[in-house]
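# Descriptive structure summary
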Amino acid sequence: MAAAQCPVCFTPLEIRTVTPCLVCGANDEHPLMAKYQAFRLPNEELIVLCKGCQLEEFMVPGGWGFQMFPEEQFPLDALSPIPEQVAIEPATDKYCPECKLRYSFLKILAESGISG
Ligand SMILES: [Zn+2]
Ligand SMILES: [Zn+2]
């Protein structure tokens, strides 16, 4: 289903070229990298992360990992790595200029009940 509004803050979404990482993929300062890892979330949704976001967003207090899995001592443990290679190519996704995040990730946050 196409969504025209951010599921978290309801700002109209823009279209952006993104890298495979769901967290930093729309950030211009994060160029396409050599390796991405796909994970399955406890609710079966897929998430793709670059190495930087695995370390910084999922292992650092206050990062998304701790917001999504506050009960985990190491939030990355809540994710199941998927062995298949992630295609390293730019894609197009919707983007919230207010949350500064990709729609694919905002959707996961909204489903997790996280308000950004
Ligand atoms: Zn990233
Ligand atoms: Zn938003």
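Just so it is clear, the structure is predicted and the values come from calculations on it, not from any experiment.

A few words now on the nonpolar core. Counting 25 residues, the largest nonpolar core has C21, L22, V23, L49, C53 and C96 as its most contacted members. Residues within four places of L22 in sequence aside, it is in contact with I47, V48, L49, R102, S104 and F105.

Further remarks concern the sheet that holds strand β4 (residues 80-82). The three strands are arranged β3-β2-β4 in an open sheet whose pairing can be described as antiparallel. Of all the strands in the sheet, just β3 (46-50) and β4 have a single pairing partner and so form its edges. The average angle at which neighbouring strand axes cross in this sheet is 40 degrees, direction not considered. Here five bridges tie strand β2 (residues 36-40) to β3, and the two strands are oriented antiparallel to one another. Residue pairing across strands places Y36 opposite C50, the latter belonging to β3.

This brings us to the environment of I15. Residue position: I15 is located in strand β1 (residues 14-18). A sequence separation of 39 residues divides I15 from Q54, and the C-alpha atoms of the two residues are 25 Å apart. When neighbours within four sequence positions are excluded, I15 is seen to be in contact with T92 and K94.

Criteria and cut-off values
- Residues numbered from 1 in each chain as written.
- Chains lettered and ligands numbered in written order.
- Predicted model: local features only at pLDDT ≥ 70, side-chain atom pairs only at ≥ 80, totals over all residues.
- Core = buried A, V, L, I, M, F, W, Y, C linked by C-beta atoms within 7 Å.
- Buried ≥ 20, exposed ≤ 12 C-beta atoms within 10 Å, placed from the backbone.
- Contact = placed C-beta atoms within 7 Å.
- Pairing = 2+ DSSP bridges.
- Helix = DSSP H or I, 4+ residues; strand = E, 2+ residues; numbered from the N terminus.
- Axes fitted to C-alpha atoms, helices over the stretch in contact; angles between N-to-C directions.

Everything listed is a geometric property; what it means functionally is a separate question.
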